[in-house]
Structure formats: C-alpha cells, structure tokens
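Results of the structural survey
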Amino acid sequence: MAADNLFDLKIITPDRVFYSGKASFLELNTVEGGIGIYKNHIPMTTVLEPGIATITEEGGNKKEAALHTGFMEILGDRITILAEIAEWPDEIDRNRAQEAKIRAERRLQNDKSNINITRAELALHKALVRIELADHVTKQ
C-alpha cells in the first residue's frame, strides 16, 4: 500500500494515548451504524457505539481493539478518537467480562423498579464487546 493512502490516527482515553500511528483503513461502530474510513473521508464528527475497531496499518497489518463510547473527528488525513475506554485484546479479562454480562442481564430481568435500563443495557453491550474480542483473538 502506498504511503499516500495513509492517514494519522490517534485514539485517546482519559488515562492514556491508546494508539498513535498511520493507518490505511479504520472500521468501527457509531451510533448510526458501522463505518469504514479511508484517507480523505468526508469531514465529520460522530458518536461512537461500543464495539470492535479494526485498524489496518501500512502493509496490511490489522489490529483490533474494543472501544467503549466516545467521539470521533474525521478531517481528511487525520482521525482523532476520544474514547471512554479502549482496550487491546490482551488487556481484557474474559472472566470479568462474563461476570459483568451476567450482572447486567440479571438487572435487566429482575429489577423492574427504578433501575436505569439504559445504563444496564450499556453495561451489557460493553461486556459483550469484550467477550467477542477476547474470543475472536483466541480463535486466531
């Protein structure tokens, strides 16, 4: 892949610069659906949905990460993501994610009173993303 097809990608969380480098393609989830981005994509700002982001680097090397809510700004040859949480597969504790999934499902099924449904659904979605990424990497 020619270097002129690369864009700068930076993923920042509250506690670190998660990723900073050149990429040829980025695929991730937004609240409006999945999106794939090449260099010179139309400028836009969007809200991220929890999901797996796939970063294709120069030479075709792919990296996958779990992104949990945030914002993305696309400006031609530069993409900046401000994420609540970003995790590489080796940073995910699958057992902990499975426990979080079970807790969220119980909250959604059992407590019909003043439970914050949106918060429980988001916790469930995050747990499922973590489990999916951990399982995907294990199968490779």
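Below, the structure is looked at part by part. (Residues numbered from 1 in each chain as written. Predicted model: local features only at pLDDT ≥ 70, side-chain atom pairs only at ≥ 80, totals over all residues. Heavy atoms only, no water.)

Comments concerning the overall build of the protein chain
Heads up, the condition is: Only DSSP runs of H or I with at least four residues qualify as helices, and only runs of E with at least two residues qualify as strands; both kinds are numbered from the N terminus onward. Only protein chains enter the accessibility calculation, which uses a 1.4 Å probe; a residue whose area is less than 20% of its type maximum is buried, one above 50% is exposed, and one in between is partly exposed. Residues count as neighbours in contact if any of their non-hydrogen atoms are within 4.5 Å of one another. Residues counted as positive are Lys and Arg, residues counted as negative are Asp and Glu, and His and the chain ends are not counted. Lys charges are placed at NZ, Arg charges at CZ, Asp charges at CG and Glu charges at CD.
When you go through the protein chain residue by residue, the secondary structure sums to two helices and eight strands. Written out in order from the N terminus, the α and β elements of the protein chain read β-β-β-β-β-β-β-β-α-α. Dimensions of the protein chain, computed from C-alpha atoms along their principal axes, come out at roughly 55 × 30 × 25 Å. In the protein chain, which comprises 140 residues, the proportion classed as buried is 41%. For the protein chain, contacts bridging at least 24 residues in sequence account for 53% of all contacts bridging at least 6. For the protein chain, the separation between the mean place of its 18 positive charges and that of its 22 negative charges on side chains is 4 Å.

A closer look at the nonpolar core
Short version of the rule: Working definition of a nonpolar core: buried Ala, Val, Leu, Ile, Met, Phe, Trp, Tyr and Cys residues. They are joined through side-chain atoms within 4.5 Å.
Ranked by internal contacts, the top residues of the largest apolar core, which has 22 residues, are Leu 9, Leu 26, Leu 28, Met 72 and Ile 81. Elements that contribute at least two residues to this core include exactly β1 (7-13), β2 (16-23), β3 (25-30), β4 (33-37), β6 (51-56), β7 (62-76) and β8 (78-87). Beyond its immediate sequence surroundings of up to four residues, Leu 26 is in contact with Phe 7, Leu 9, Ile 35, Gly 36, Ile 37, Thr 54, Ile 55, Met 72, Ile 79 and Ile 81. Ile 52, Ile 92, Val 129 and Leu 133 belong to the second-largest nonpolar core, a separate cluster that totals six residues.

Comments concerning the packing of aromatic side chains
To be explicit about the condition: Pairs were defined over the aromatic rings of Phe, Tyr and Trp, the Trp ring being its six-membered one, requiring ring centres within 6.5 Å. Orientation was assigned from the angle between planes: stacked under 30 degrees, edge-to-face over 60, tilted for the rest.
Counted under the stated rule, the structure contains three aromatic pairs. Taking 6.4 Å as the distance between ring centres and 65° as the angle between the ring planes, the aromatic pair formed by Tyr 19 and Trp 88 counts as edge-to-face. Separated by 69 residues along the polypeptide, Tyr 19 in strand β2 and Trp 88 in the loop between β8 and α1 (94-110) bring together distant segments of the chain. In this structure Tyr 19 comes out as buried when scored by relative accessible area, which is 6%. On the accessibility criterion, Trp 88 (18% relative accessible area) is buried. A ring pair is formed by Phe 25 and Tyr 38, whose centres lie 4.5 Å apart and whose planes are at 40°; its orientation type is tilted. Placement of the pair is Phe 25 in strand β3 and Tyr 38 in the loop between β4 and β5 (41-48), with a sequence separation of 13 residues. Assessed through its relative accessible area of 19%, Phe 25 is described here as buried. Take Tyr 38: its relative accessible area is 51%, and that puts it in the exposed class. A connected cluster of aromatic rings, assembled from ring pairs, spans Phe 18, Tyr 19 and Trp 88.

Here's the deal with unusual backbone geometry
The phi angle at Asn 40 is positive, at roughly 70°, despite the residue not being glycine. Within the secondary structure, Asn 40 sits in the loop between β4 and β5. Judged by its relative accessible area of 58%, Asn 40 falls in the exposed class. Even without glycine at this site, Thr 69 takes up a positive phi of about 55°.

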